[in-house]
Amino acid sequence: MLEFIQLLKQRYQAILAQAHKPSGNLDYQLRIDQLTLAEAFVRKGKLLASKDKQVLQVAVVGPTQAGKSSLVNVLLNQASAGVSPLAGYTVHPQGFCHDVKRGDCQGLQRYFGRFQCLPPEQLGKQRFDCYALSETTGQSPYLPACVLWDTPDFDSIDSETYREGVLRAIALADVLVLVVSKEKYADQSVWEMMAEVEALNQPTLICLNKLTEGSETVLLPSLKEKWQHARSDAFPEAVPLYYQKATGSPQWPGEYQNTIAQLAKKVSHPKHARMEQALLQKHWQAWLEPVREEHQLFDDWQTLLDGLLKQAIDTYRHDYLNHPHHYETFHQAMAELLTLLEIPGLAGFMTGVRKTLTWPMRQMMKLGRKRLHITDSSQEVKLLNQLAEHALIQLADQLLDKTGQSQQSDWWQALSTLLRRQKPEILQQFAGAVKNYHLDFQQDVEESAQRLYHKLQEQPMVLNSLRATRVTADAAVIALTLHTGGIGVHDLVIAPAMLTVTSLLAESAIGSYMHKVETHLKQQQFTAVNQALFVGCLSQALNALPGQLANTTHFNISPGQLQAIEQQLTEKRHGLRLL
């Protein structure tokens, strides 16, 4: 699941960088943030699974200038976090180990992944894929043993550059401390963030900072209303923090001294997997909306291909298999039959002559070039190659139509460009497949001749008559010239020997059997052409084109990939393979 979320986020980022998706940049950026949060939450699940006991993680979050760093120092009871009156001063997650050793937090590096852990003094605004983790001295009465995180804001103009660090810190937190000021508590960005993290089910504390005496009675009801509008869970404890002019920092009220420790008792790590699933299911359909749109395009593409290939195979059946003059394969079987009609006593002599005259061709057969000359002169081979080229021309025309008419014109345009670039290679591969099919099918042709010959052996009078006809027509020479390329199948059809043999067979007692053999041969041929050429070669090559579209402009996540990952998402909690 983690790998899939990372893949989906990468595709969103790449497509957004191209800046020509009709759905709008805001939708895509929101989904990238959601995926970043989900990725981090799944990483936390892996962290929790790595040890029996984990250090408590508390994150202080909020909008810019809310006083997050100042509150961190108050909670730590020492000045550890850097404070500045300038907005956006903190741009990296900074963890402070309170009453725990830094060595107890080694798993955090696996959690943060590509983020590098640096000393606080080495953090700079030149790079944002880093964080700090340091130990504090002394004890604070406001905190249990934990790592307290000071986080960057999530609402400033520049926050997009360091937002990933904020989201990773939020997902890591067992307890969330939301800091808002009287100027910032109503900002939409605050409540959008709180709505996004609701599925994490984190015990939360709200700190209403920079108050003046008496202002909390007005602000707290409004704050509660904002919470209830954004979230469905109960309104959490809200701590009023009054501005201390002398120190410039808030003072933590004594009655809330144990509040964070009490919230820590509500943390339930065994429930993490269920919360993880809830987070994924909350956004799943929205995340996959453009992926499913592409799947519909795949279906439309498949329908387009099916229609063109059906038209091609129907044309092959009509213009070749069922054509009274163009169908040549059965005549090849009849030519093979001529070589079997040897008269006892003359067979050895004629076979010896044939072996002598066909020695060069037999040497070529040993090199895997059997009947290469027949393939080159075959009407069937020419027709099949023409059908493939015609299908690609039609396909190119229909893609141009789709480009001008479809709302997903960029997808069809990219596919049209890809087809134009790969068309010569596809036709070359198809031509090679046609030649291989034609050579392989000669075995079926020979088997048909054998079936006719064995049937003739049951009719001695017909067999003897055909043998006599074969000798008088000097069929050995005809067969030789066919095998060596000196005569084509069309020429063979009008040769006297072939005309005589075909007529005698048709008028004999096995005439119906001959037609049965021909029908069976046609069916075998149709199946072989459809499976080996149109389905196995041409359709396979064309179906692979959408998967070759650039990942920077398209998601290219197949229905099979999506089905496999959704099966993991919907499995029962026992043995859930989310990780």
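Note that this is a predicted model, so its numbers are computed, not measured.

What counts and what doesn't
- Residues numbered from 1 in each chain as written.
- Predicted model: local features only at pLDDT ≥ 70, side-chain atom pairs only at ≥ 80, totals over all residues.
- Heavy atoms only, no water.
- 1 Å grid on protein atoms, 1.4 Å probe; cavity = no way out; pocket = protein on both sides within 12 Å on 5 of 7 lines; lining within 4 Å.
- Points joined across faces, edges and corners; volume = space filled by probe spheres on them.
- Helix = DSSP H or I, 4+ residues; strand = E, 2+ residues; numbered from the N terminus.
- pLDDT = per-residue confidence, 0-100.
- Contact = heavy atoms within 4.5 Å.
- Expected span 1.5 Å × (residues − 1).
- Salt bridge = Lys/Arg side-chain N within 4 Å of Asp/Glu carboxyl O.
- Buried < 20%, exposed > 50% of the residue type's maximum accessible area, 1.4 Å probe, protein only.
- Phe/Tyr/Trp six-rings, centres within 6.5 Å; stacked < 30°, edge-to-face > 60°.
- Lys NZ or Arg CZ within 6 Å of the ring centre and 35° of its normal.
- Axes fitted to C-alpha atoms, helices over the stretch in contact; angles between N-to-C directions.
- Parallel < 35°, antiparallel > 145°, perpendicular 65-115°, else oblique.
- Left-handed = near helix turned anticlockwise from the far one by under 90°.
- Nonpolar A, V, L, I, M, F, W, Y, C, P; charged D, E, K, R; others polar.
- Pairing = 2+ DSSP bridges.
- Core = buried A, V, L, I, M, F, W, Y, C linked by side-chain atoms within 4.5 Å.
- Polar contact = N/O pair within 3.5 Å; in protein donor to acceptor, adjacent residues only side chain to side chain.
- Right-handed = clockwise from strand over helix to strand, strands pointing away.

Student: Summarise empty space enclosed by the protein; cite the residues concerned and give the values.
Tutor: Across all of its chains, the model carries five cavities of 30 Å³ or more by this definition. Volume-wise, the largest cavity comes out at about 70 Å³. Lining the largest cavity, in full, are Leu47, Ser50, Lys51, Gln54, Val55, Gln57, Asp104, Cys105, Gln106, Gly107, Leu108 and Arg110. Put simply, the parts of the chain that give the lining of the largest cavity at least two residues each are helix 2 (25-50) and helix 4 (107-112). Ranked by the residues each element gives to the lining of the largest cavity, the list is headed by helix 4, at three residues.

Student: With reference to specific residues and values, describe the environment of Lys271.
Tutor: Relative to the helices and strands, Lys271 resides in the loop between helix 8 (259-264) and helix 9 (272-287). Sequence-wise, Lys271 and Asn201 are 70 residues apart; in three dimensions their C-alpha atoms are separated by 9.5 Å.

Student: Explain the confidence of the model for the chain residue by residue, including any values.
Tutor: Looking at the chain as a whole, its pLDDT mean stands at 82, while 81% of the residues score no less than 70. Within the chain, helix 13 (residues 359-366) has the poorest average pLDDT of any element, 45, and strand 1 (residues 57-61) the best, 95. Confidence drops under a pLDDT of 50 for residues 345-351, and excluding neighbours within four residues, the segment shows five contacts in the predicted structure. Note that pLDDT drops below 50 for residues 572-579; the model gives that stretch 20 contacts with residues more than four away or on any other chain.

Student: Talk me through helix 7 (residues 216-230); I want residue IDs and the actual numbers.
Tutor: With 15 residues, helix 7 extends 20 Å between its outermost C-alpha atoms, agreeing within 8% with the 21 Å of an ideal straight helix rising 1.5 Å per residue. Contacts made by the buried residues of helix 7 are with strand 6 (175-181), helix 6 (188-196), strand 7 (204-211) and strand 8 (237-242).

Student: Can you tell me about the pattern of salt bridges, naming the residues and giving the values?
Tutor: Taken as a whole, this structure holds 16 salt bridges when the rule is applied. Linking Asp129 and Arg127 is a salt bridge whose minimum nitrogen-to-oxygen distance equals 3.0 Å. When its relative accessible area of 24% is taken as the criterion, Asp129 is described as partly exposed. Close ionic contact of Glu164 with Arg168 constitutes a salt bridge, the shortest N to O distance being 2.9 Å. In this pair, Glu164 and Arg168 both sit in helix 5 (residues 159-172), four residues apart, roughly one turn of the helix. Overall, the relative accessible area of 18% leaves Glu164 in the buried class. One network of salt bridges, in which partners are shared, links Lys9, Glu39, Arg43, Arg114, Arg127, Asp129, Glu164 and Arg168.

Student: How would you summarise unusual backbone geometry if you had to cite specific residues and measurements?
Tutor: Unusually for a residue other than glycine, Asn77 sits at a positive phi of about 65°. Mapped onto the fold, Asn77 is located in the loop between helix 3 (68-76) and strand 2 (94-98). Asn77 gets classed as partly exposed once you look at its relative accessible area, which sits at 48%. Positive phi is not limited to glycine here, since Asp99 has a value of about 60°. Taking relative accessible area as the criterion, Asp99 reaches 46% and is therefore assigned partly exposed.

Student: Residues and numbers for the packing of aromatic side chains, please.
Tutor: Evaluated as defined, the whole model comprises 19 aromatic pairs. Through pairs of rings, three or more aromatic residues link up here, namely Tyr111, Phe112, Phe115, Tyr131 and Trp149. One Lys or Arg, Arg317, reaches over the ring of Phe526 and ends 3.9 Å from the middle of that ring. Stacked on the ring of Tyr513, the Lys or Arg Lys455 has its end atom at 5.0 Å from the ring centre.

Student: An account of the packing of helix 17 (residues 442-457) against helix 22 (residues 511-543) is needed here, citing residue identities and associated values.
Tutor: The description of two helices packed together rests on the angle between their axes and the distance between the axes. Packing of helix 17 against helix 22 brings their axes to within 10 Å, and their N-to-C directions diverge by 165°. Considered as vectors, helix 17 and helix 22 are oriented roughly antiparallel to each other. By crossing handedness, the relation of helix 17 to helix 22 is classed as right-handed. From helix 17, Asp444, Val445, Ser448, Arg451, Leu452 and Lys455 reach across to helix 22, where they touch Tyr513, Met514, Val517, His520, Leu521 and Gln524. Each residue belonging to the contact of helix 17 with helix 22 can be placed in one class, and the counts come to six nonpolar, three polar and three charged.

Student: Let's hear about the sheet that holds strand 2: which residues, and what values?
Tutor: Pairing in this open sheet of eight strands is mixed, and the strands run 3-4-2-5-1-6-7-8 from one edge to the other. Strands at the two margins of the open sheet, each flanked by one partner only, are strand 3 (116-117) and strand 8. Both strand 3 and strand 4 (residues 130-135) contribute to a ladder of two bridges, which runs parallel. Its bridge partner lying in strand 4, Cys117 is registered against Tyr131. Strands strand 6, strand 7 and strand 8 of the sheet are contacted by helix 7, whose axis makes an angle of about 145° with strand 7.

Student: Account for the nonpolar core, with residues named and values stated.
Tutor: Counting 70 residues, the largest nonpolar core has Leu8, Leu108, Trp149, Ile170 and Trp284 as the members making the most contacts within it. Considering each element in turn, this core owes the most residues, nine residues, to helix 2. Filtering out sequence-adjacent residues up to four positions away, Leu8 remains in contact with Leu35, Trp287, Leu288, Val291, Phe555 and Ile557.

Student: An account of the side chain of Glu164 is requested, with residue identities and associated values reported.
Tutor: Within polar-contact distance, the side chain of Glu164 engages the side chain of Arg168 at 2.9 Å. With residues near it in sequence (within four places) discarded, Glu164 still touches Lys9, Thr36, Arg114 and Phe115.

Student: So what's going on with the pairing of strand 8? Residues and values would help.
Tutor: When strand 7 meets strand 8, the two strands line up parallel, connected through five bridges. When the sheet's bridge partners are listed, Ile206 is paired in strand 8 with Ala238. In this view, the connection linking strand 7 to its parallel neighbour strand 8 by way of helix 7 has right-handed handedness.

Student: So what's going on with the packing of helix 1 (residues 2-18) against helix 9? Residues and values would help.
Tutor: The N-to-C vectors of helix 1 and helix 9 enclose an angle of 40°; their axes lie 13 Å apart at closest approach. Taken together, the axes of helix 1 and helix 9 are oblique relative to one another. Of the two possible hands of crossing, helix 1 and helix 9 adopt the one that is left-handed. Here Phe4, Ile5, Leu8 and Tyr12 of helix 1 come into contact with helix 9, specifically with Leu280, Trp284, Ala286 and Trp287. Classifying every residue of the contact of helix 1 with helix 9 gives eight nonpolar, no polar and no charged.

Student: Go over the side chain of Thr36, please, and point to the residues and values.
Tutor: By the element assignment, Thr36 lies in helix 2. Owing to a relative accessible area of 6%, Thr36 belongs among the buried residues under this scheme. Only 2.8 Å separates the side chain of Thr36 from the backbone oxygen of Ile32, close enough to count as a polar contact. For Thr36, the residues in contact, after removing those within four places along its chain, are Lys9, Glu164 and Leu167.

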